[in-house]
Amino acid sequence: MVIEKIKKNMELMDGVLKIERLSNEDIKEIIDIESNHDNELIPVINEGVKECFRRDFSLVLFKNSHFRNPTNPTLILTTEDGRILGHDIFSKKEKEELKNNKDAYFLSDDFVIYKENLESKDFNPKKQYFILPPVEFSELDNIEMIDNVISSSPSAQSDFYLKKKYNLPEDPKIASIIVSFSLKK
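The following paragraphs examine the structure supplied in this document. (Residues numbered from 1 in each chain as written. Predicted model: local features only at pLDDT ≥ 70, side-chain atom pairs only at ≥ 80, totals over all residues. Heavy atoms only, no water.)

### Quick notes on the pattern of salt bridges
Part 1: Counted under the stated rule, the structure contains nine salt bridges.
Part 2: For Glu-25, the salt bridge identified is with Lys-165, shortest N-O distance 3.8 Å. Residue Glu-25 is located in helix H2 (residues 24-34), and its partner Lys-165 is located in helix H6 (residues 156-165); the two are separated by 140 residues in the primary sequence.
Part 3: Taking relative accessible area as the criterion, Lys-165 reaches 33% and is therefore assigned partly exposed.
Part 4: The partner of Lys-165 in a salt bridge is Asp-26, and the shortest N-O contact between them spans 2.7 Å. In this pair, Lys-165 sits in helix H6 while Asp-26 sits in helix H2, placing the two residues 139 residues apart along the sequence.
Part 5: Salt bridges sharing common partners tie together Glu-25, Asp-26 and Lys-165. (Salt bridge = Lys/Arg side-chain N within 4 Å of Asp/Glu carboxyl O. Helix = DSSP H or I, 4+ residues; strand = E, 2+ residues; numbered from the N terminus. Buried < 20%, exposed > 50% of the residue type's maximum accessible area, 1.4 Å probe, protein only.)

Okay, structure coming up:
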């Protein structure tokens, strides 16, 4: 079956610990968890998970630090008018370039804020949001029967739920990624 072929393809990737198909119960629980971030000081909007669950099938991949870095940011700090204030970074080259940039400020080793975007001429401060965007997952591009492949990082609460459900330790060095796709018509 298609799911087994995809799981075997993904299991060959460095850093993959376990892969499970998400049940309807899992999807409903994750949707509930992800929708409960509206009242936080800086709300977290998981656009990636929303996009994943628009696909026919969703898997959860548990990974360790040997897994490849994402191809684009997985966490973006933005304002309600779309101004990007900062995002996570993974490439050593980008980190080095930004360390020498006087307009970049590191909140942590892997999250940068752009000072120029913080300075607003608007006297009405804009509401800020953390966005978890969809991320490409090109490792499945060679599988002919599927398309619309996308991945996303679940929030910390959804990650905790998934680890507990699929018997993985609550270890910060283990992370979950939701990988979703549709069957070609």
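### Comments concerning the side chain of Ser-151
Part 1: Tracing the backbone through its elements, the reader meets Ser-151 in strand S9 (residues 146-152).
Part 2: Not counting chain neighbours up to four residues away, the residues in contact with Ser-151 comprise Cys-52, Pro-133, Pro-134, Val-135, Glu-136, Phe-137, Ile-177, Ile-178 and Val-179. (Contact = heavy atoms within 4.5 Å.)

### A few points about the sheet that holds S9
Part 1: Taking strand neighbours across the sheet as the criterion, the four strands line up as S1-S3-S10-S9 in an open arrangement whose pairing is antiparallel. The open sheet has two free edges, formed respectively by strand S1 (16-21) and S9, since each of these has just one partner strand. Adjacent strand axes in the sheet meet at a mean angle of 25° when their direction is disregarded.
Part 2: Where strand S3 (residues 57-63) lies against strand S10 (residues 175-183), seven bridges are found, and the strand directions are antiparallel. When the sheet's bridge partners are listed, Leu-61 is paired in S10 with Ile-177. (Pairing = 2+ DSSP bridges. Axes fitted to C-alpha atoms, helices over the stretch in contact; angles between N-to-C directions.)

### So, the nonpolar core
Part 1: Counting 19 residues, the largest nonpolar core has Ile-6, Met-10, Leu-61, Phe-137, Leu-140, Ile-146 and Phe-181 as its most contacted members.
Part 2: Listing elements by their share of this core, those giving two or more residues are helix H1 (2-11), S1, S3, S9 and S10.
Part 3: Here the element with the most residues in this core is H1; it accounts for four residues.
Part 4: Not counting residues within four places of it along the chain, the set of residues in contact with Phe-137 comprises Met-10, Met-13, Leu-61, Phe-67, Arg-68, Val-149, Ser-151 and Val-179.
Part 5: Ranked by size, the runner-up nonpolar core spans 16 residues in total, among them Val-49, Phe-62, Ile-150 and Tyr-166. (Core = buried A, V, L, I, M, F, W, Y, C linked by side-chain atoms within 4.5 Å.)

### Points about H1
Part 1: When H1 is considered as a whole, its buried residues turn out to be Val-2, Ile-3, Ile-6, Lys-7 and Met-10. The buried side chains of H1 occupy one side of the element, clustering within an arc of 130° when seen end-on.
Part 2: Elements that come into contact with the buried residues of H1 comprise S1, S3, S9 and S10. (Arc of directions from axis to C-beta.)

### Considering the sheet that holds strand S8 (residues 128-131)
Part 1: Read from one edge to the other, the open sheet built from six strands follows the order S2-S8-S4-S5-S7-S6, with strand pairing classed as mixed. Edge positions in the sheet fall to strand S2 (44-45) and strand S6 (104-108), since each has one partner strand and no second.
Part 2: In the sheet, strand S4 (residues 76-79) pairs with strand S5 (residues 84-88) via three bridges, with the strands oriented antiparallel. In the strand pairing of S5, Thr-78 is matched with Ile-84.
Part 3: Here helix H4 (residues 92-99) sits on the sheet in contact with S5, S6 and strand S7 (111-114), set at roughly 125° to S6.

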